[in-house]
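# Notes for the structure review
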Amino acid sequence: NILNESYCTLLHIWLLLSSSVCGKIMELLGQNKIDHHQRQVAILSQDSFYRVLTPDQKAKALKGQFNFDHPDAFDNELIVKTLWDILEGQTVQIPVYDFVTHSRSEEAVTVYPADVVLFEGILMFYSQEIRDLFQMKLFVDTDADTRLSRRVLRDISERGRDLEQVLTQYITFVKPAFEEFCLPTKKCADVIIPRGADNLVAINLIVQHIQDILNGGLTKRLNGSLNGYGTPRKRQVSESSSRPH
């Protein structure tokens, strides 16, 4: 997400407020080069969980008059269900949202069980029910000018919007929503990372921590147990070696 960035682990699901930081973490871990079935680290985005709009809401959205930066714009019930399914070691289907047509696609993305799940989204801290599911919460603090410039470039190049529409939406919805709903939740974070993806020292520390989790999980599985509880699940062809942490 462009506005702010945070990070989480559910047994290990980690909540991040930053798609750029998530991407950098995956790159440094080498997970991008691994088949989805075998990845030990998976990424989910809050942007996948926008609600299905009514015809009236969709008409407003096409005019840039719908507030996509309000917590109510997201299908929180589906987010909670998905997180619980992940905690139970299930393979989940993640919606695909079309930002050009403002609608949920008929397609879905399959996410297989992983040792660490990164869930990024700027409003994920707002709901206590959701944030309490995460084992670690990281707030990625990015300069306001940087957030705006990234949003302008993204919306124009990827979502077919003109500059006037992007700036109007930013002033009307994005900035006020950030100040009201996102920024106050900074206090809920376990770790605050300034400068976003440019903070390589912080990112490398996170990567090292994830590697320690993965190595520890592997050792425990080889010893015949997972986190000290019972016997690990048998590996399925379509799944990674353990349920999410």
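Residues numbered from 1 in each chain as written. Predicted model: local features only at pLDDT ≥ 70, side-chain atom pairs only at ≥ 80, totals over all residues. Heavy atoms only, no water.

## Notes on the overall build of the protein chain
The secondary structure content of the protein chain amounts to seven helices and eight strands. In the protein chain, which comprises 245 residues, the share counted as buried stands at 49%. Working note: accessible area of the protein chain is about 12000 Å², and carbon and sulfur atoms make up 53% of it. (Helix = DSSP H or I, 4+ residues; strand = E, 2+ residues; numbered from the N terminus. Buried < 20%, exposed > 50% of the residue type's maximum accessible area, 1.4 Å probe, protein only. Areas by Shrake-Rupley, 256 points an atom, 1.4 Å probe, with all protein chains shown as cover.)

## A short note on the pattern of salt bridges
With the rule as written, the count across this model stands at twelve salt bridges. Here Asp-69 makes a salt bridge to Arg-151, at a shortest N to O gap of 3.6 Å. Of the two residues, Asp-69 is situated in the loop between α2 (55–62) and α3 (76–87) and Arg-151 in helix α5 (residues 144–159); the sequence distance between them amounts to 82 residues. For the residue pair Asp-69 and Arg-151, the accessibility class agrees, reading buried in each case. A salt bridge links Asp-190 to Lys-137, with the shortest nitrogen-to-oxygen separation between them at 3.6 Å. Here Asp-190, found in the loop between α6 (163–182) and β8 (191–194), pairs with Lys-137, found in strand β7 (residues 136–141); they are 53 residues apart in sequence, far enough to count as distant. In this structure, a network of salt bridges that share partners links the residues Asp-69, Arg-151, Arg-154, Asp-155, Arg-159 and Arg-161. (Salt bridge = Lys/Arg side-chain N within 4 Å of Asp/Glu carboxyl O.)

## Remarks on unusual backbone geometry
Here His-102, not a glycine, exhibits a phi torsion of approximately 55°, which is positive. One non-glycine residue, Arg-195, adopts positive backbone phi at about 70°. Mapped onto the elements, Arg-195 comes out in the loop between β8 and α7 (200–222).

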